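Residue strings, one per chain:
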Amino acid sequence: MKSHHAELLDENIVEVWLRRDPVRCMAGLAGGLLSGLVMLLAAMISAKVAQVDALFPIKVAAVPLLGAGATEFAAKGSVLAVGLFTHLFLCAVLGVVFAHFTGAVRTVKGLLGYGLVWGVFAWIFIFNLFVQAFTEIFALQLPSGLALPIHLLFGLTLASVAWFDQMFRQKS
């Protein structure tokens, strides 16, 4: 019986990356959405603990599309809808990309390490670089140190891609 590591070595990773796998793509979409919701819940709890409006993380996600006014305390309705959509859309895309590049790994346990790395990637390149390029968000001086565990939680929750993959393959 081969070990999981030996099975991964037998599979050509380039073939995995070039393979079109709609089931894995849907698993990534579902995993990304779940991870985005978990991340958002953690961010909202963190905001509340910091005595900030619990909806602030959703409002921040709306800033690139609606401007700095999106973070005002009185902002509700469409601001929250835009923020939620923006956040979940980005998380879904990241989930699909994550699922694609980890296509050779089919277990939750196997994906935990990849998810941790993905969370660090998201924290460095998305939170600290990309998002900060929006001057309205940069002006908010969001705490990078607080964002790290939230992004790690996002990455670890992406391990759910394996669970969704198994569930969707059983149904098809």
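Fair warning: this is a prediction, and the values are worked out from it, not measured in the lab.

Conventions adopted
Residue indices follow the written sequence of each chain, beginning from 1 at its first position. Since the coordinates come from a predicted model, pLDDT governs what is reported: local features require at least 70, and pairs of side-chain atoms require 80 or more to be given and counted, while whole-chain, interface and lining totals use all residues. Hydrogens and water are ignored here; the side-chain numbers use all heavy atoms of the structure. What counts as a helix is a DSSP run of H or I of at least four residues, what counts as a strand is a run of E of at least two, and both are numbered from the N terminus. Exposed residues in this analysis have more than 50% of their type's maximum accessible area, buried residues have under 20%, and partly exposed residues fall in between, with area computed by a 1.4 Å probe over protein chains only. Contacts are residue-level and defined by heavy atoms, with any inter-residue pair within 4.5 Å sufficient. Whether a set of points on the 1 Å grid over the protein atoms alone is a cavity depends on a 1.4 Å probe fitting there but being unable to get out, while an open set qualifies as a pocket with protein on both sides within 12 Å along at least five of seven lines; lining residues are those with an atom within 4 Å of a point. Grid points are joined across faces, edges and corners, and a volume is the space filled by probe spheres set on the points.

It is worth spelling out the overall build of the chain at this point. Scanning the chain for helices and strands turns up nine helices and zero strands. Walking the chain from its N terminus toward its C terminus, one meets helices and strands in the order α-α-α-α-α-α-α-α-α. Taking all 172 residues of the chain together, the buried fraction comes to 40%. Relative to all contacts within the chain whose residues are 6 or more apart in sequence, the contacts with residues 24 or more apart total 70%.

The next subject is the layout of surface pockets. A volume near 820 Å³ is recorded for the largest pocket. Lining the largest pocket are 32 residues, with P57, V60, F127, L142 and H151 positioned closest to its centre. Mapped by element, the contributors of at least two residues to the lining of the largest pocket are α3 (22–49), α4 (56–66), α5 (78–101), α6 (108–130) and α8 (144–157). Ranked by residues supplied to the lining of the largest pocket, first place goes to α5 with six residues.

For the rest of this paragraph, the subject is the side chain of H87. Within the secondary structure layout, H87 lies in helix α5. Among all residues touching H87, those that are not within four sequence positions of it are G36, M39, L40 and A61.

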